[in-house]
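These are the residues of each chain, in order.
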Amino acid sequence: MDFRLMGLDSPLLHTIHHMLDSDSSKTVSGPTGNYVRDARAMAATPADVKEYPHSYVFVIDMPGMKSGDIKVQVEEDNILIISGERKRLQEEEGARYVRMERRVGKLMRKFVLPENANTDKISAVCQDGVLTVTVEKLPPPEPKKPKTIEVKIA
């Protein structure tokens with residue numbers, strides 16, 4: 001549409017017209033489908049994190065999931081990834097949903113572990129739909145003892 005024909009020949013409208021008519025192949029590509037799915041899964045999976053004197057404890061609600069549906073992994077030596085997928089139950093013959101509010105799909109959370117986390121000592125227990133992941137802490141480093149240097153007489 002040419003705005004000049006309607007008596008609207010301002011520089012602002014000319015610029016907008018030019019922007020709308022510009023090559024659409026130069027558009028910036030959006031995030032990938034996997035990224036969007038993972039971001040939604042992380043936003044919809046609340047977690048509590050507690051620090052104890054000898055461990056860190058992550059508590060996540062995973063209702064309706066079996067232990068085989070849940071994965072606990074450590075990537076890059078310090079990223080704890082907790083994920084799972086809740087599948088939709090098979091519909092019974094003759095029954096239909098009137099309302100479906102329970103969430104189905106992927107659940108995921110990523111946590112950056114502190115330097116003193118011992119990634120070799122991680123345990124996970126799922127009981128009554130609540131996953132508890134315990135990451136033991138490394139013992140504190142031994143304080144360095146001062147080094148005594150003998151002074152020689154020249």
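Attention here is on the structure that accompanies the text.

## Re the nonpolar core
Most often, soluble globular proteins have nonpolar side chains that are buried together.
Next up, step 1: Core analysis: the largest hydrophobic core is formed by 15 residues, its most contacted members being Phe58, Met62, Leu80, Ile82, Val133 and Val135.
Next up, step 2: Residue assignment for this core shows that the elements contributing at least two residues are strand S2 (55–61), strand S4 (79–86), strand S5 (105–112) and strand S7 (130–137).
Next up, step 3: When sequence neighbours within four positions are dropped, the list of residues in contact with Phe58 reads Asp48, Val49, Leu80, Ile82, Phe111, Leu113, Leu131, Thr132, Val133 and Val135.

## Section: the sheet that holds strand S1 (residues 47–51)
Adjacent strands of a sheet pair through backbone hydrogen bonds, lying either parallel or antiparallel.
Next up, step 1: One open sheet accounts for four strands, arranged S1-S2-S7-S6; its pairing is antiparallel. Two strands in the sheet have a free side with no partner beyond their single neighbour: S1 and strand S6 (117–127). Put simply, the sheet's adjacent strands are angled 15 degrees from each other on average, direction ignored.
Next up, step 2: Summarising the sheet, S1 and S2 pair through five bridges and their orientation is antiparallel. Residue pairing for S2: Glu51 is matched across the bridge by Tyr56.

## What to know about the pattern of salt bridges
Next up, step 1: Taken as a whole and judged by the stated rule, the model has one salt bridge.
Next up, step 2: Between Lys137 and Glu51 there is a salt bridge, with the nearest N and O atoms lying 2.6 Å from each other. Of this pair, Lys137 sits in strand S7 while Glu51 sits in strand S1, and the two are 86 residues apart along the sequence.
Next up, step 3: Judged by its relative accessible area of 55%, Glu51 falls in the exposed class.

## Notes on the environment of Gln127
Next up, step 1: Checked against the element boundaries, Gln127 lands in strand S6.
Next up, step 2: In this structure Gln127 comes out as exposed when scored by relative accessible area, which is 56%.
Next up, step 3: Each C-alpha atom, one on Gln127 and one on Asp61, is 9.8 Å from the other, the two residues being 66 residues apart in sequence.

Conventions used here
- Residues numbered from 1 in each chain as written.
- Predicted model: local features only at pLDDT ≥ 70, side-chain atom pairs only at ≥ 80, totals over all residues.
- Heavy atoms only, no water.
- Core = buried A, V, L, I, M, F, W, Y, C linked by side-chain atoms within 4.5 Å.
- Buried < 20%, exposed > 50% of the residue type's maximum accessible area, 1.4 Å probe, protein only.
- Helix = DSSP H or I, 4+ residues; strand = E, 2+ residues; numbered from the N terminus.
- Contact = heavy atoms within 4.5 Å.
- Pairing = 2+ DSSP bridges.
- Axes fitted to C-alpha atoms, helices over the stretch in contact; angles between N-to-C directions.
- Salt bridge = Lys/Arg side-chain N within 4 Å of Asp/Glu carboxyl O.

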